[in-house]
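Close look at the chain arrangement
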Amino acid sequence: MESLPIVPFLIIFPVVIAFLMFVVRADKVRSVIAYIGAVAIMAGVGVLVYMWIAGGCERISLYVETEVADYTILGAEIILMCVVTFLSFKYKKYWISLLSIIPTAGMVWLELYGPKMNEISHIYIDHLSILMCIIIGVIGGLIIIYAVGYMHGYHNHHKDVEDRRHYFFMILFLFLGAMFGFVLSESLLWIDFFWEMTSICSFLLIGYTREKEAIDNSFRALWMNLLGGVALAVGIIYFAINMGTVSLHNLISMCTNAHGSVVTIVVTLIAFAALTKAAQLPFSTWLIGAMVAPTPSSALLHSATMVKAGIYILLRLSPAMSGTTTGSLIAFIGGFTFLATSLMAIAQSDGKKILAFSTISNLGLMVACAGVGTPETMWAGSFLMIFHAVSKSLLFQDVGATENSLHSRDVEDMHGLLYIMPKLAAFMFIGIAGMFLAPFGMLISKWAALRASVDERNIMLVLFIVFGSATTSLYWTKWMGKLVSHTHLTEEKIKDVTRPTEMLSLTVHAILMLLLCALFPLLSGVYVNPMVEEAFGVSMNVLPTHILIVLAIIILLVFAVPVLAYVYSRKMTFNRKDSYMNGVNYGDNRSFVDSFGDRKTLWLSNHYYKDMVGKRKLMKPSQVFTSAVLIVMLTVIIGGLL
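Residues numbered from 1 in each chain as written. Predicted model: local features only at pLDDT ≥ 70, side-chain atom pairs only at ≥ 80, totals over all residues. Heavy atoms only, no water.

**Side note on the overall build of the protein chain**
When helices and strands are counted, the protein chain shows 25 helices and five strands. Within the protein chain, counting contacts between residues at least 6 apart in sequence, those at least 24 apart form 81% of the total. Carbon and sulfur atoms form 65% of the exposed surface of the protein chain, whose accessible area is close to 24900 Å². (Helix = DSSP H or I, 4+ residues; strand = E, 2+ residues; numbered from the N terminus. Contact = heavy atoms within 4.5 Å. Areas by Shrake-Rupley, 256 points an atom, 1.4 Å probe, with all protein chains shown as cover.)

And the structure:
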């Protein structure tokens with residue numbers, strides 16, 4: 001197969017829609033275009049999947065002769081460098097421009113004046129790239145549909161923020177095109193360009209409000225991601241000079257065939273770059289700061305898709321890192337990040353911050369799985385990525401919709417949300433359950449990762465997974481308990497302002513979450529197992545069949561909890577006067593008369609242990625420790641090979 005027109009469509013069409021988003025200023029017209037664009041992208045992914053299945057699910061290599069595309073991408077990379085340089089000088093962050101100028105200059109030299117390289121295919125399609133396209137297209141399309149309604153409510157609520165929805169949607173669509181290009185590219189030169197494009201899209205969205213905090217956070221995200229881009233560019237140039245190729249799969253095959261120190265250095269540099277994109281310690285602060293952006297960008301870029309770019313690259317490199325010092329480094333950093341950020345999440349009451357720390361934490365576990373580099377850990381990492389993408393996208397959107405109605409995203413203000421806004425609470429419950437309860441794939445994947453770590457005798461990773469999973473259960477349980485509590489419901493009448501398009505996206509996400517749970521064994525057998533076999537060349541079966549009956553029973557118990565809580569509370573409405581309080585009950589179960597005759601309000605609150613595990617207590621020590629580990633181990637790896 002020499003060409004597949006749907007591939008350039010998925011990369012170029014979002015760019016065309018992005019242009020229309022920017023030039024069309026009529027809200028209603030722009031909304032229609034956004035809907036059409038989102039549906040067309042999802043349909044395009046469907047066509048790609050259909051054609052790939054029709055071809056026997058075989059690996060497909062495309063587009064050897066791409067001279068025009070190569071020069072177009074090189075020109076676009078220079079434009080991105082100019083944008084970064086201009087904005088860096090505008091906001092007096094001069095040094096950040098060097099992180100874009102240096103790698104771009106290196107790429108220009110390599111393509112125009114560098115050594116002649118072997119011809120390669122520029123597009124590569126297999127199980128892993130198809131999986132990423134499904135996540136990008138389906139989740140991304142739904143988030144854009146959600147964003148149309150959400151941004152209307154956002155600007156009604158944030159009157160002080162300039163309405164630049166045309167700019168916001170332009171960046172969202174540009175990002176989708178960049179992500180498709182990233183996961184479908186075989187050429188490391190193309191991967192480098194799309195890598196930088198996703199970094200700049202994230203930077204522009206974080207600074208959407210143009211407030212000081214947003215600007216500072218956006219530049220923090222920019223320099224950390226561009227630092228990874230420098231490592232990626234150096235690795236590509238070094239690989240091209242020494243090996244005469246820029247093929248990603250040639251790099252992997254050279255590593256698995258023990259080709260030498262050159263490819264080991266290149267894999268180490270690319271893996272380091274992936275740590276920055278996946279927001280691993282010591283680079284985690286950029287993703288936490290990204291939460292100042294409107295919710296759709298948090299859901300799309302910083303939870304469901306962009307941060308998965310780092311995971312995607314690490315999963316690609318997983319066979320190459322198996323049993324190596326680089327793999328051990330990556331696994332240690334990922335495991336430590338999983339535990340440390342899980343602890344920090346306990347101290348958060350802001351819903352988006354909990355989701356941010358949880359995202360970093362779960363990305364850490366995926367990174368650790370890729371670093372260990374066995375078929376079992378790749379299986380676990382792949383399922384973690386699938387469930388995390390759907391669950392976190394659902395939760396981010398739900399928190400955004402709840403904030404537009406409650407005018408708060410604090411978990412404490414979501415007390416009894418099940419009885420105030422039952423639809424949003426039910427979706428939130430499903431999303432939280434998907435993150436840490438059986439039979440959802442996140443928990444089963446953690447079990448698989450733990451078992452593989454035990455088999456590999458990686459004691460540190462076993463400890464990280466065990467204690468990180470325990471702390472994860474604590475902060476999710478606190479949040480889930482708030483949703484079904486009924487003690488001090490607000491007397492204020494709260495109107496659910498969630499728009500139909502937002503509710504559509506939330507509903508589809510919730511259904512996807514439940515389907516993933518129900519079809520987990522089928523998905524493992526027909527897709528993930530073959531994907532792992534494709535990467536490692538060995539057959540496997542991680543999920544025993546006899547577990548399925550237990551999983552079916554557990555799922556019934558999981559969803560029985562909110563249903564019974566809601567039904568029980570409705571039936572017990574007239575019996576609340578009998579509840580014991582620390583004085584004479586006023587009859588509303590919210591206030592009582594104390595021994596001095598004063599009326600007191602009963603208020604139940606979670607404890608957040610801020611003085612013990614808060615960000616201020618743990619973040620800097622964790623950054624210093626992981627920075628030291630990275631410096632020492634990178635020095636040992638690269639210094640020992642040069």
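**Structural notes on the packing of helix α1 (residues 6–23) against helix α2 (residues 27–54)**
With their axes 10 Å apart at the nearest point, α1 and α2 run at an angle of 175 degrees to one another. Taken together, the axes of α1 and α2 lie roughly antiparallel to each other. For the pair α1 and α2, contact is made by Ile6, Val7, Phe9, Leu10, Phe13, Pro14, Ile17, Leu20 and Met21 and by Arg30, Ile33, Ala34, Gly37, Ala40, Ile41, Gly44, Val45, Val47, Leu48 and Met51, respectively. Partitioned by chemical class, the residues of the contact of α1 with α2 number 17 nonpolar, two polar and one charged. (Axes fitted to C-alpha atoms, helices over the stretch in contact; angles between N-to-C directions. Parallel < 35°, antiparallel > 145°, perpendicular 65-115°, else oblique. Nonpolar A, V, L, I, M, F, W, Y, C, P; charged D, E, K, R; others polar.)

**What about the side chain of Gln348?**
Within the secondary structure layout, Gln348 lies in the loop between α14 (325–346) and α15 (351–372). Residue classification places Gln348 among the buried positions, given a relative accessible area of 10%. (Buried < 20%, exposed > 50% of the residue type's maximum accessible area, 1.4 Å probe, protein only.)

**With respect to the packing of aromatic side chains**
Considering all chains together, one arrives at 25 aromatic pairs under this definition. Here Tyr150 and Tyr154 contribute two aromatic rings whose centre-to-centre distance is 5.9 Å and whose plane-to-plane angle is 35 degrees, an arrangement assigned as tilted. Of this pair, Tyr150 and Tyr154 both sit in helix α5 (residues 127–157), four residues apart, roughly one helical turn. Note on accessibility: Tyr150 and Tyr154 belong to one class, buried. With centroids separated by 6.3 Å and ring planes inclined at 40 degrees, the aromatic side chains of Phe383 and Phe387 adopt a geometry described as tilted. On the criterion of helical spacing, the pair formed by Phe383 and Phe387 is a turn pair, its members being four residues apart in helix α16 (residues 375–406). On the basis of relative accessibility, which here comes to 0%, the residue Phe383 falls in the buried class. An aromatic cluster is present here, built from Phe332, Phe336, Phe464 and Phe625 joined pairwise through their rings. Geometry around Phe22 places Arg25 over its ring, the cationic atom sitting 5.2 Å from the centre. Above the plane of the ring of Tyr167 lies Arg164, whose end atom (NZ or CZ) is 4.4 Å from the centre. (Phe/Tyr/Trp six-rings, centres within 6.5 Å; stacked < 30°, edge-to-face > 60°. Lys NZ or Arg CZ within 6 Å of the ring centre and 35° of its normal.)

**Points about the environment of Arg499**
In this fold, Arg499 is placed in the loop between α20 (459–484) and α21 (500–518). Look at Arg499 and you get partly exposed, because its relative accessible area is 34%. Distance in space between the C-alpha atoms of Arg499 and Gly149 is 5.8 Å, their sequence separation being 350 residues.

**Description of the packing of α16 against helix α22 (residues 520–536)**
To describe two helices that pack against each other, one gives the angle between their axes and the distance between the axes. Their axes nearest at 10 Å, the elements α16 and α22 cross at an angle of 130 degrees. Taken together, the axes of α16 and α22 are oblique relative to one another. Note that α16 runs across α22; the crossing there is right-handed. Only Phe520, Leu523, Ser524, Val528, Asn529, Met531, Val532, Ala535 and Phe536 of α22 make contact with α16, whose side of the interface consists of Pro375, Met378, Trp379, Ser382, Phe383, Ile386 and Phe387. Considered class by class, the residues forming the contact of α16 with α22 number 13 nonpolar, three polar and no charged. (Left-handed = near helix turned anticlockwise from the far one by under 90°.)

**Re α15**
Here α15 is 22 residues long and its end C-alpha atoms lie 32 Å apart, about the 32 Å a rise of 1.5 Å per residue gives. Structurally, the start of α15 carries an N-cap: the backbone nitrogen of Lys352 is 2.9 Å from a side-chain oxygen of Asp350. Downstream of α15 by a residue or two, Gly373 has a phi angle that is positive, lying close to 70 degrees. (Expected span 1.5 Å × (residues − 1). Polar contact = N/O pair within 3.5 Å; in protein donor to acceptor, adjacent residues only side chain to side chain.)

**Concerning the pattern of salt bridges**
This structure, assessed with the given rule, holds 11 salt bridges. Put simply, Arg59 and Glu534 hold a salt bridge, and the shortest N to O gap is 3.6 Å. Note that Arg59 is positioned in the loop between α2 and β1 (60–62) and Glu534 in helix α22, a separation of 475 residues in sequence. Salt-bridge contacts for Asp126 lead to Arg316; the nearest nitrogen and oxygen are separated by 2.7 Å. Of the two residues, Asp126 is situated in the loop between β2 (123–125) and α5 and Arg316 in helix α13 (residues 306–321); the sequence distance between them amounts to 190 residues. (Salt bridge = Lys/Arg side-chain N within 4 Å of Asp/Glu carboxyl O.)

**Let's talk about a nonpolar patch on the surface**
Judged by side-chain polarity, Ile12, Val16, Phe19, Leu20, Phe22 and Val23 come together as a nonpolar surface patch covering roughly 520 Å² of accessible area. Mapped onto the elements of the fold, Val16 is located in helix α1. (Patch = residues over 30% accessible without salt bridge, like charges linked within 9 Å, V, L, I, M, F, W, Y side chains within 5 Å.)

**Remarks on the nonpolar core**
Within soluble globular proteins, side chains that are nonpolar generally end up buried alongside one another. If you look at the biggest cluster of nonpolar residues, it comprises 220 residues, and the most contacted ones within it are Val7, Ile125, Trp476 and Trp479. Beyond its immediate sequence surroundings of up to four residues, Ile125 is in contact with Leu4, Val7, Leu48, Trp52, Glu58, Arg59, Ile60, Leu62, Ile130 and Leu184. (Core = buried A, V, L, I, M, F, W, Y, C linked by side-chain atoms within 4.5 Å.)

**Concerning the sheet that holds strand β5 (residues 599–601)**
Read across the sheet, three strands follow the order β3-β4-β5 without closing on themselves; strand pairing throughout is antiparallel. Sheet topology places β3 (584–585) and β5 at the edges, where each strand pairs with a single neighbour. With three bridges connecting them, strand β4 (residues 591–593) and β5 associate as antiparallel partners. Pairing of Ser591 across the sheet is with Thr601, part of β5. (Pairing = 2+ DSSP bridges.)

**Brief notes about the confidence of the model for the protein chain**
Residues at a pLDDT of 70 or more form 89% of the protein chain, whose mean pLDDT is 87. Below pLDDT 50 for its whole length, residues 572–577 participates in six contacts with residues either more than four positions away or in separate chains. (pLDDT = per-residue confidence, 0-100.)

**Quick notes on unusual backbone geometry**
For the bond from Leu281 to Pro282, the omega torsion is 10 degrees, close enough to zero to count as cis. Considering the arrangement of structural elements, one finds Pro282 in the loop between α10 (261–277) and α11 (285–289). Phi at Cys57 is positive, roughly 60 degrees, even though this residue is not glycine. Within the secondary structure layout, Cys57 lies in the loop between α2 and β1. With phi around 60 degrees, Arg457 is a residue other than glycine that occupies positive phi space. Structurally, the position occupied by Arg457 is in the loop between α19 (441–455) and α20.

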